[in-house]
Amino acid sequence: MEHTYLEIAGKTKIYRLFRLKNELFLRHTNEQNENDPTLPKIETKTSRDLVLPFSQIKNISVCGDVHYDENGKKTDLFFGDIIIETNQNHRKFEVISDITEAELLEFFADMPFPIKKKAPPTPKEDKLEKAYRKEMREKRNPFLQKCISIYLFAQLGFMIISIFLLSKHFDAVFTISAILFFINLALVLALPAYFSVYHPGKNERRIKNHDEMPIGVFLWAPIVFNAAPLLFGDYNAEGWILPTIICTLLLIAVIFARYIREVKFIKTGAIVFVLLAFLISASIIGGIGMKTMGDEPVSTQSAQIVHYRKENRRKSSAVYKITVKFPDGTEETYTIPSSMYQSKDAGDTVYLETYEGAFGMTFTYVRD
């Protein structure tokens with residue numbers, strides 16, 4: 001495929017690079033010329049264009065690698081920069097044309113100056129990461145790694161079973177999940193070679209081929225449904241934010257202290273674990289809160305429905321809420337089950353039972 005020009009980007013500008021007889025012409029791209037593929041002329045040069053005579057160019061370096069598409073699949077297209085070194089300075093431009101490396105080199109063929117091919121520089125953080133990954137990989141025992149993977153899949157099976165057991169057998173589910181969580185936490189702290197704070201996306205996993213297990217997923221697997229009382233359903237939990245934040249900070253401190261070497265070179269990637277740490281903590285606090293809230297409500301109040309609404313039209317994820325008015329004139333909004341939403345109307349009387357759990361948390365249920 002023959003390219004008459006090359007699309008490149010500087011720091012703030014986009015150019016089309018044309019080969020003229022004795023010059024490289026970098027025409028600044030704007031609305032007027034973006035659809036004009038014809039060769040420019042020196043006489044038409046504007047103040048935003050660049051003209052680099054061959055006599056001033058010492059060499060051009062092609063520095064980059066192949067491009068990966070949005071699905072993480074390797075392509076033949078070039079991804080990188082060209083560096084034009086002149087007698088006065090050097091200019092670096094990102095190649096944004098859909099072009100292979102061979103076509104790129106062919107574009108500059110027969111130039112009266114050298115064309116160099118350079119490997120992309122490896123940042124210091126990448127070198128540290130590669131050294132760390134290699135060290136951890138050498139420490140891993142393949143058999144133990146497979147056992148940990150099987151153990152995780154067993155927990156995923158427990159999660160599926162918990163969906164059907166949580167409402168009627170919460171105590172049993174809570175006890176088993178708590179035991180599994182502490183086993184997982186012990187494994188994470190004792191075997192850093194088998195785990196990673198960083199949780200790469202699907203595409204990145206294909207590219208970098210990480211084989212460590214993400215800590216966040218491993219810790220949350222057995223207790224994920226314990227977050228339900230705080231985040232979902234008609235529990236109307238209050239007072240859980242502060243203990244969850246404290247638990248999150250403690251969990252982050254413990255994990256990051258153990259994995260400090262990895263955190264140093266994946267600061268931005270570790271944000272994913274911070275988010276998961278909050279969900280893990282919500283599961284811990286929610287489970288403890290439900291476990292300790294007792295069988296009898298600490299208060300029961302009657303109220304009159306003044307308004308009700310459905311917040312999501314999709315039946316599978318719909319949230320039903322009512323606004324009630326108490327005898328003293330105050331109004332509050334609560335989440336209710338779908339069955340109550342279908343059977344109640346404005347003006348009806350409901351009863352609000354409030355239960356108290358650990359850390360000062362409360363759970364309020366709307367009853368008929």
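I will try to describe carefully the structure that is included in this document. This structure is a prediction, so every number in the text was calculated from the model and none was measured.

Definitions and limits used
Residues numbered from 1 in each chain as written. Predicted model: local features only at pLDDT ≥ 70, side-chain atom pairs only at ≥ 80, totals over all residues. Heavy atoms only, no water. Salt bridge = Lys/Arg side-chain N within 4 Å of Asp/Glu carboxyl O. Helix = DSSP H or I, 4+ residues; strand = E, 2+ residues; numbered from the N terminus. Buried < 20%, exposed > 50% of the residue type's maximum accessible area, 1.4 Å probe, protein only. Axes fitted to C-alpha atoms, helices over the stretch in contact; angles between N-to-C directions. Parallel < 35°, antiparallel > 145°, perpendicular 65-115°, else oblique. Left-handed = near helix turned anticlockwise from the far one by under 90°. Contact = heavy atoms within 4.5 Å. Nonpolar A, V, L, I, M, F, W, Y, C, P; charged D, E, K, R; others polar. Pairing = 2+ DSSP bridges. Polar contact = N/O pair within 3.5 Å; in protein donor to acceptor, adjacent residues only side chain to side chain. Core = buried A, V, L, I, M, F, W, Y, C linked by side-chain atoms within 4.5 Å. 1 Å grid on protein atoms, 1.4 Å probe; cavity = no way out; pocket = protein on both sides within 12 Å on 5 of 7 lines; lining within 4 Å. Points joined across faces, edges and corners; volume = space filled by probe spheres on them.

**Some remarks on the pattern of salt bridges**
As enumerated under the stated definition, the model contains ten salt bridges in all. Note that Glu135 is salt-bridged to Lys139, the shortest N-O span being 3.4 Å. Placement of both Glu135 and Lys139 in helix H2 (residues 124-139) is noted, with a separation of four residues, approximately one turn of the helix. Classification of Lys139 by relative accessible area gives exposed; the value is 52%.

**Looking at the packing of helix H8 (residues 241-258) against helix H10 (residues 271-291)**
Where H8 meets H10, the axes come as close as 8 Å, and the angle between the chain directions of the two elements is 125°. Taken together, the axis directions place H8 and H10 in an arrangement best described as oblique. The hand of the H8/H10 crossing is right-handed. Mapping the contact onto sequence places Pro243, Thr244, Ile245, Cys247, Thr248, Leu251, Ile252, Ile255 and Phe256 in H8 and Phe273, Val274, Ala277, Phe278, Ile280, Ser281, Ala282, Ile284 and Ile285 in H10. When the residues that make up the contact of H8 with H10 are grouped by side-chain class, the tally is 15 nonpolar, three polar and no charged.

**Brief notes about the pairing of strand E12 (residues 299-310)**
Taken residue by residue, a regular strand's side chains alternate between the two faces of the sheet. Bridge count between E12 and strand E15 (residues 349-356): six bridges; the pairing is antiparallel. Considered in E15, the bridge of Thr300 is made with Glu353. Relative to strand E13 (residues 320-325), E12 is paired through six bridges, and the arrangement is antiparallel. Bridge pairing links Ile305 to Val324 in E13.

**Notes on the sheet that holds E12**
Across the sheet, which stays open at both edges, the six strands sit in the order E11-E16-E15-E12-E13-E14 with antiparallel pairing between neighbours. On the outer flanks of this sheet lie strand E11 (237-238) and strand E14 (331-336), each paired with one strand and no other.

**Considering unusual backbone geometry**
For residues other than glycine, phi is negative in most cases, and the peptide bonds are mostly trans. Although it is not a glycine, Asp110 adopts a positive phi angle of roughly 65°. Mapped onto the secondary structure, Asp110 falls in the loop between helix H1 (101-107) and strand E8 (115-118). With a phi angle near 65°, Phe359 is a residue other than glycine that sits in the positive phi range. With respect to the helices, strands and loops of the structure, Phe359 is situated in the loop between E15 and strand E16 (362-367). Judged by its relative accessible area of 51%, Phe359 falls in the exposed class.

**What to know about the side chain of Ser281**
On the secondary structure map, Ser281 appears in helix H10. Among the polar contacts made by the side chain of Ser281, one reaches the main-chain carbonyl oxygen of Ala277 at a distance of 2.8 Å. Ignoring anything within four residues of it in the chain, the contact list for Ser281 reads Thr244, Cys247, Thr248 and Leu251.

**Regarding the nonpolar core**
Taken as a class, soluble globular proteins show a tendency for nonpolar side chains to be buried jointly. With 49 residues, the main nonpolar core has Phe195, Val197, Ile215, Leu219, Ile255 and Phe363 as its most contacted residues. For this core, the secondary structure elements donating two or more residues are H2, helix H3 (142-165), helix H4 (170-190), helix H6 (215-220), H8, helix H9 (260-265), H10 and E16. Ranked by residues supplied to this core, first place goes to H10 with seven residues. Membership of the second largest hydrophobic core comes to 23 residues, among which are Leu6, Tyr15, Ile60 and Ile99.

**Brief notes about empty space enclosed by the protein**
Tallied over the entire structure, the rule returns one cavity of 30 Å³ or more. Volume-wise, the largest cavity comes out at about 30 Å³. Looking at the largest cavity, the residues that line it are Phe158, Ser162, Val173, Ser177, Pro222, Ile223, Val224, Phe225 and Asn226. Those elements that place two or more of their residues in the lining of the largest cavity are H3 and H4.

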